[in-house]
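Now for the letters of each chain:
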Amino acid sequence: MTRSLHWDICIFALLLAACAAKPEQPSGPAAGRPAPPELPPGIWQPAPGTSWQWQISGEIDTSYDVAMYDIDLFDAPQETIDALHADGRVVICYFSAGSLEDWRPDVAEFPPEVLGSPLQGWPDERWLDIRRIDLLAPLMRARLDLAAAKGCDGVEPDNVEAYANRSGFDLSYEDQLAYNIWLAEEAHARALSIGLKNDLDQVPDLLPYFDWALNEQCVEFAECEALLPFVQAGKAVFGVEYEGDPAEFCPVANALNFDWLHKRLELGAWRMACRAP
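Keep in mind that what you see is a predicted model, and the values were worked out from it rather than measured.

Calculation notes
Residues numbered from 1 in each chain as written. Predicted model: local features only at pLDDT ≥ 70, side-chain atom pairs only at ≥ 80, totals over all residues. Heavy atoms only, no water. Axes fitted to C-alpha atoms, helices over the stretch in contact; angles between N-to-C directions. Helix = DSSP H or I, 4+ residues; strand = E, 2+ residues; numbered from the N terminus. Left-handed = near helix turned anticlockwise from the far one by under 90°. Contact = heavy atoms within 4.5 Å. Nonpolar A, V, L, I, M, F, W, Y, C, P; charged D, E, K, R; others polar. Disulfide = S-S within 2.5 Å. Buried < 20%, exposed > 50% of the residue type's maximum accessible area, 1.4 Å probe, protein only. Pairing = 2+ DSSP bridges. Salt bridge = Lys/Arg side-chain N within 4 Å of Asp/Glu carboxyl O. Polar contact = N/O pair within 3.5 Å; in protein donor to acceptor, adjacent residues only side chain to side chain. Core = buried A, V, L, I, M, F, W, Y, C linked by side-chain atoms within 4.5 Å.

A few words now on the packing of helix 3 (residues 133-149) against helix 4 (residues 173-189). Contact geometry for helix 3 and helix 4: axes closest at 11 Å, N-to-C directions at 35 degrees. Considering the relative orientation of helix 3 and helix 4, their crossing is right-handed. Contacts between helix 3 and helix 4 pair Ile133, Leu136, Ala137, Met140, Arg141 and Leu144 from the former with Ala178, Tyr179, Trp182, Leu183, Glu186 and Ala187 from the latter. Grouping the constituent residues of the contact of helix 3 with helix 4 by class yields 10 nonpolar, no polar and 2 charged.

Spelled out as structure tokens, the structure:
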């Protein structure tokens, strides 16, 4: 089978799933939870087809004509956020909610009992015990308060699937679900939009609580179908591929109505969008 024919078959199969599937209803532990509270007015809720740029390293290049920029909460200068707003851009601020990065300014405030194993491939980060919301709440609330104070329109909390990794803790699906829903509610209480980062297995349960999704490499790992409920609900699915040929993965992402970029792993300024601009 030629590579071109292989990708044509992949696109057809994914489109067939998208057309045939009905929007999934929560079927896991969240099914017994109360419905999410009504959102405060003004929270950014992007639809599929929203252009974007993701840059969390290096000096931020503000020249891309896109609707949304996703940048680092701690490292992005206030003047950069202000400049992006002056250009009419939505600003999403990245931080890790499920791990501790040892270079962050609040690192000394994390108690030792919430620190777990290092992340695979990232020795300077350690998983957090997300069962201990009592200990993590003041720290994460402070980060969300910082996002609101800097004028971020929303947040991208990273590493929110510790339960599916070797975290050093005995974390369950329900533990992760409770923590992620808590994050979403705290963000919304500050009128911040919030995206679900990866965590594909919990999409059916978390869809009502999150405003959009952001994924890494679902085409490479053949797992994009898990994100279809977001598109079916009218919510944008942003994502990136780090490897592969854009001529092959872009048609797959475009056919699913995902907003996909080709990026390098360091997430600097360079980008190639699967859809214009």
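There is more to say, and it comes next.
Per the counting criterion, the structure on display carries 3 disulfides. With its sulfur 2.0 Å from that of its partner, Cys93 forms a disulfide with Cys152. Residues Cys93 and Cys152 are joined through a disulfide that is left-handed, its torsion about the S-S bond being -80 degrees. Of this pair, Cys93 sits in strand 3 (residues 90-96) while Cys152 is found in the loop between helix 3 and strand 7 (154-158), placing the two residues 59 residues apart along the sequence. We note that Cys93, like Cys152, is buried. Across the disulfide, Cys250 is cross-linked to Cys274 (sulfur-sulfur distance 2.0 Å).

Let's shift gears to the sheet that holds strand 5 (residues 115-119). Taken in spatial order, the 3 strands make up an open sheet running 4-6-5, and their pairing is antiparallel. Since the sheet does not close on itself, it has two edges, and those belong to strand 4 (99-101) and strand 5, each with one partner. Shown here is a sheet whose adjacent strand axes are inclined to one another by a mean of 40 degrees, direction ignored. Bridge count between strand 5 and strand 6 (residues 122-128): 3 bridges; the pairing is antiparallel. Residue Leu119 lies in a different strand from strand 6, and its bridge partner there is Trp122.

On to the pattern of salt bridges, then. Tallied over the entire structure, the rule returns 13 salt bridges. With a closest N to O distance of 2.7 Å, Glu101 and Arg104 form a salt bridge. Judged by its relative accessible area of 3%, Glu101 falls in the buried class. Judged by its relative accessible area of 4%, Arg104 falls in the buried class. Three or more residues are tied together by salt bridges with common partners; here these are Asp72, Asp75, Glu101 and Arg104.

Mapped onto the secondary structure, Glu101 falls in strand 4. A polar side-chain atom of Glu101 sits 2.7 Å from a polar atom in the side chain of Arg104. Sequence-distant contacts of Glu101, that is, excluding residues within four places in its chain, are made with Tyr94, Ser96, Val107, Asp124 and Glu125.

For the rest of this paragraph, the subject is the nonpolar core. Grouped together as the largest cluster of nonpolar side chains are 67 residues, with contacts concentrated most on Phe110, Met140, Phe258 and Trp260. With 14 residues, the next largest nonpolar core counts Trp44, Val90, Phe238 and Leu261 among its residues.

Once that is clear, we can look at the sheet that holds strand 2 (residues 68-72). In space, the 9 strands of this open sheet follow the order 1-2-3-7-8-9-10-11-12, with mixed pairing throughout. Of all strands in the sheet, those bounded by a partner on one side alone are strand 1 (52-55) and strand 12 (272-273). With 4 bridges connecting them, strand 1 and strand 2 associate as parallel partners. Residue Trp52 lies in a different strand from strand 2, and its bridge partner there is Met68.

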